[in-house]
Amino acid sequence: MPGPDLPAPQQPMTVEAFLHRWPTSTFKAELVNGVLVFSGVFDERDVIAVERTYPGRRALLNADGSIEVHPAGIGRPIPLVDIP
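The structure displayed is predicted, hence computed values, not measured ones.

## Examining the sheet that holds strand β2 (residues 35-39)
In space, the 4 strands of this open sheet follow the order β1-β2-β4-β3, with antiparallel pairing throughout. The two strands at the open ends of the sheet, each matched to only one other strand, are β1 (28-32) and β3 (58-61). Each strand of the sheet is rotated relative to its neighbour by a mean of 20°, with strand direction disregarded. Two elements, β2 and strand β4 (residues 67-70), share 3 bridges in a ladder whose sense is antiparallel. Bridge pairing links Phe-38 to Ile-67 in β4. Against the sheet, helix α2 (residues 44-53) touches β3 and β4, its axis set at about 165° to β3.

Written out as structure tokens, the structure reads:
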């Protein structure tokens, strides 16, 4: 349920947010080459929540709306689809 009607990441958890927000609303989560991948339709607010949940890790929002949580490192992570 992406869109402007969702609460900001710092707002308290409600039943509505629990049912429609990361990470409880994920369709699928998997580990690919050490990268946690959450499938679903997310936005920039979810990336903020991911970064707060996994401190030190690097979150990446993909064009298809999924989120990748990469190990700690320097710079922007490379999407899994772009890694040779």
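## Brief notes about unusual backbone geometry
Even without glycine at this site, Asn-33 takes up a positive phi of about 50°. The exposed category is assigned to Asn-33, whose relative accessible area is 74%.

## Regarding the environment of Arg-45
By the element assignment, Arg-45 lies in helix α2. Along the chain, Arg-45 and Gln-10 lie 35 residues apart, while their C-alpha atoms are 9.6 Å from each other. Engagement of the side chain of Arg-45 in a polar contact is seen with the side chain of Asp-43, the distance being 2.4 Å.

## Here's the deal with the environment of Ser-39
Relative to the helices and strands, Ser-39 resides in strand β2. Taking C-alpha positions, Ser-39 is 6.7 Å from Ile-67, a pair spaced 28 residues apart along the chain.

## Description of the nonpolar core
Counting 7 residues, the largest nonpolar core is built from Phe-38, Phe-42, Val-47, Val-50, Ala-59, Ile-67 and Val-69. Counting only elements with at least two residues in this core, the list comes to α2 and β4. With near-sequence residues (within four places) excluded, Ile-67 lies in contact with Leu-36, Val-37, Phe-38, Phe-42, Asp-46, Val-47, Val-50, Leu-60 and Leu-61.

About the criteria used
- Position numbers for residues start from 1 in each chain and track the written sequence from start to end.
- Only residues with pLDDT of at least 70 get local features here, since the model is predicted, and only at 80 or more are side-chain atom pairs given and counted; chain-wide, interface and lining totals rely on the full set of residues.
- Derived side-chain values reflect all non-hydrogen atoms in the structure, with water molecules and hydrogen atoms excluded from consideration.
- When DSSP finds two or more bridges between a pair of strands, those strands are recorded as paired.
- Secondary structure elements follow DSSP: runs of H or I no shorter than four residues count as helices, runs of E no shorter than two count as strands, and numbering proceeds from the N terminus.
- Note on method: axes are straight lines fitted to C-alpha atoms, helices fitted across the in-contact stretch only, with angles between N-to-C directions ranging 0 to 180 degrees.
- Between two residues, a contact is recorded if the distance between any of their heavy atoms is within 4.5 Å.
- Think of it in three bands: residues with accessible area under 20% of the maximum for their type are buried, residues over 50% are exposed, and the middle band is partly exposed, with areas taken using a 1.4 Å probe on protein chains only.
- Polar contact is the term for a pair of N or O atoms within 3.5 Å; when the atoms are in protein, one must be able to donate a hydrogen and the other to accept it, and sequence-neighboring residues count only if both atoms are side-chain atoms.
- For our purposes a nonpolar core is just a set of buried Ala, Val, Leu, Ile, Met, Phe, Trp, Tyr and Cys residues, chained together by side-chain atoms within 4.5 Å.

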